[in-house]
Amino acid sequence: MLKEAIFIKLCPPVYRLLEYNRTHKASEVPQLPQGTEVKLLGWVAVKNLVGGVVFLRLRDGSGFIQLSGRRGSIPEEAWDEAAKATTESAVYAEGTVKEDRRAPFGKEVAITRFKVIAGAEPWPLRKSLLKSRSALYDLRHLSIRGLKTASMIKIRSELMRSVFDYFYDRGYVYIQTPILVGSAVEGGATLFSLKYFDETAYLSQSAQLYEEAAILSLDRVFILQPAFRAEKSKTARHLTEFWMIESELAFTELDELLTVEEELVHHMAEHVSLSCSRELDALGKKIVVPDPPFPKIDYEEALQIAERKGVRLEWGEDLGTEAERIVSQSFEKPVFVKGYPLSARSFYHMEDPHRKGVSLSADLLAGGVEIATGGQRIHEYEVLMKRVEEHGLDPERMKWYLDLRKYGMPPHSGFGLGVERALKWMLDLKHIRSASIFPRTTSRLYP
Ligand code: ATP
Ligand code: MG
């Protein structure tokens, strides 16, 4: 209580911002000529008082700029405010651009006016805390202010832009499908259920089924929205809420689909690499942009590669973590594994007419993990109905999806690519959670 009282006395909050208008962002200052008057808003990243001079590093989302002022040379009120500003306080500064070889970027701002807009208590993110990953994520609401995390968030933002650009430039229609759904797409084991009046509803695992309806109206569609999976196991590549890029294409067979996937992945990597050089530098990362075509191997070849490295799998099993890592790391570029057994696939996958028990589908492996699954969907009513029954699904709940096959459903294909998995691969992240601003995992619902 006492501490709070002192704090409020030191930093009375500013309720009106009218007189604190900014003229520039921090990142613009190094380009301005000496003598330019600037008004800045931001947060105090670092503060030092050295021999009657205050040095502040101002952070404002665009970058950083150094501010300085000497006691006695700047107005007393400005000195008092700057001297008392604590780390992470929100502040307003007016000043003059000055060349200074010692300053980062060679320029700084000589303070003429300074105001603390909102003060900050002692910053709880200490070096000792940083050693514990979990503690860091407990304080994620604060730790996202760090340069590395902020850079990651900006890279993700650019990745999202690249996805929209890719699809819009090629005439795809962006649709939004329900998050609250009545039945599973990817099997019941990872469904989140909730009470929906007198029924049970689920959080969507994938938009695919709705996209299949939409292509009959729009030909080619895509979505970019959250998907939910109640993954039971703790892994470095599963979130319970993640963002999916999904697309469905009418009149499209598997080979053409894989071309779309590899072009999209190339475009995403190229865009991020070209537009995020500062952020990549901050993370100490360099993106190797993979040029299409990507290698394409058969599931059986993948089994052999895994077996040579000591991981033996029976035909029919899903590759799993270890085999995916081994296969992926055997190639320099992302690699497609085609021809998965139907037994390892969801009910909607089409059987290869030339290979019994083999699906017309492919996983895209990159950076040691699966980043996308794509395939040709069953377009014939009878075939799909048989599969629905074999998988023990309720045809009544699937009625609308089956119905689509009665009204002009052509051969069609689609894929789902995880945004966080793509980032994990591109930036070689140890854990997928770093790709999310507020990750949701089996053990994390806060902040
Ligand atoms: P995995 O076998 O790795 O659990 P999956 O085959 O069950 O994934 P799909 O249904 O194929 O996943 O989903 C399409 C894409 O969505 C995946 O290739 C992956 O990029 C992403 N994805 C799926 N589940 C998750 C998850 N729990 N967390 C993050 N991304 C996921
Ligand atoms: Mg998959």
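See the structure printed just above.
Nothing here was measured: the structure is a model prediction, and the numbers come from that model.

Enquirer: Would you explain the site of ligand 1 in this entry?
Expert: Taken together, 16 residues are adjacent to ligand 1, and His238, Leu239, Glu370, Ile371 and Arg421 come closest. Between a nitrogen atom of ligand 1 and a side-chain N or O atom of Glu231, the distance comes to 3.0 Å. In this structure, a nitrogen atom belonging to ligand 1 sits 2.8 Å away from a main-chain N or O atom of Leu239. Contact with the protein chains hides 87% of the accessible area of ligand 1, taken as 580 Å² for the molecule alone. When atoms are counted within 2 Å of each cavity's grid points, the one that captures over half of ligand 1 is the second largest pocket. Element by element, the count of residues in the shell around ligand 1 is highest for strand β15 (residues 369–377), at 4 residues. Along the lines of polarity and charge, the residues of the shell around ligand 1 split into 6 nonpolar, 4 polar and 6 charged.

Enquirer: Looking at this structure, I do not really get the nonpolar core. What am I missing?
Expert: Of all hydrophobic cores here, the largest spans 43 residues; its most connected members are Phe167, Ile245, Met268, Leu417, Met426 and Leu427. For this core, the leading source of residues is helix α8 (residues 254–275), giving 9 residues. Contact partners of Leu427, with chain neighbours within four places excluded, come to Met152, Ile155, Leu280, Leu283, Lys285 and Ile287. With 23 residues, the next largest nonpolar core counts Val29, Val38, Val97 and Val109 among its residues.

Enquirer: I'm lost on the pattern of salt bridges in this one. Help?
Expert: When their charged atoms lie close together, side chains carrying opposite charge are able to pair. Summed over the entire model, instances satisfying the criterion amount to 25 salt bridges. The shortest N-O distance in the salt bridge between Asp100 and Arg102 comes to 3.1 Å. Overall, the relative accessible area of 75% leaves Arg102 in the exposed class. Where Glu307 meets Arg312, a salt bridge forms, and the shortest distance between an N and an O atom there is 3.2 Å. Judged by relative accessible area, Arg312 falls into the exposed class, the value being 55%. Members of the salt-bridge network, linked through shared partners, are Glu19, Glu94 and Arg113.

What counts, and where the lines are drawn
Residues numbered from 1 in each chain as written. Chains lettered and ligands numbered in written order. Predicted model: local features only at pLDDT ≥ 70, side-chain atom pairs only at ≥ 80, totals over all residues. Heavy atoms only, no water. Near = heavy atom within 4 Å. Polar contact = N/O pair within 3.5 Å; in protein donor to acceptor, adjacent residues only side chain to side chain. Areas by Shrake-Rupley, 256 points an atom, 1.4 Å probe, with all protein chains shown as cover. 1 Å grid on protein atoms, 1.4 Å probe; cavity = no way out; pocket = protein on both sides within 12 Å on 5 of 7 lines; lining within 4 Å. Sits in = over half its atoms within 2 Å of the grid points. Helix = DSSP H or I, 4+ residues; strand = E, 2+ residues; numbered from the N terminus. Nonpolar A, V, L, I, M, F, W, Y, C, P; charged D, E, K, R; others polar. Core = buried A, V, L, I, M, F, W, Y, C linked by side-chain atoms within 4.5 Å. Buried < 20%, exposed > 50% of the residue type's maximum accessible area, 1.4 Å probe, protein only. Contact = heavy atoms within 4.5 Å. Salt bridge = Lys/Arg side-chain N within 4 Å of Asp/Glu carboxyl O.

In short, geometric facts, not functional conclusions.
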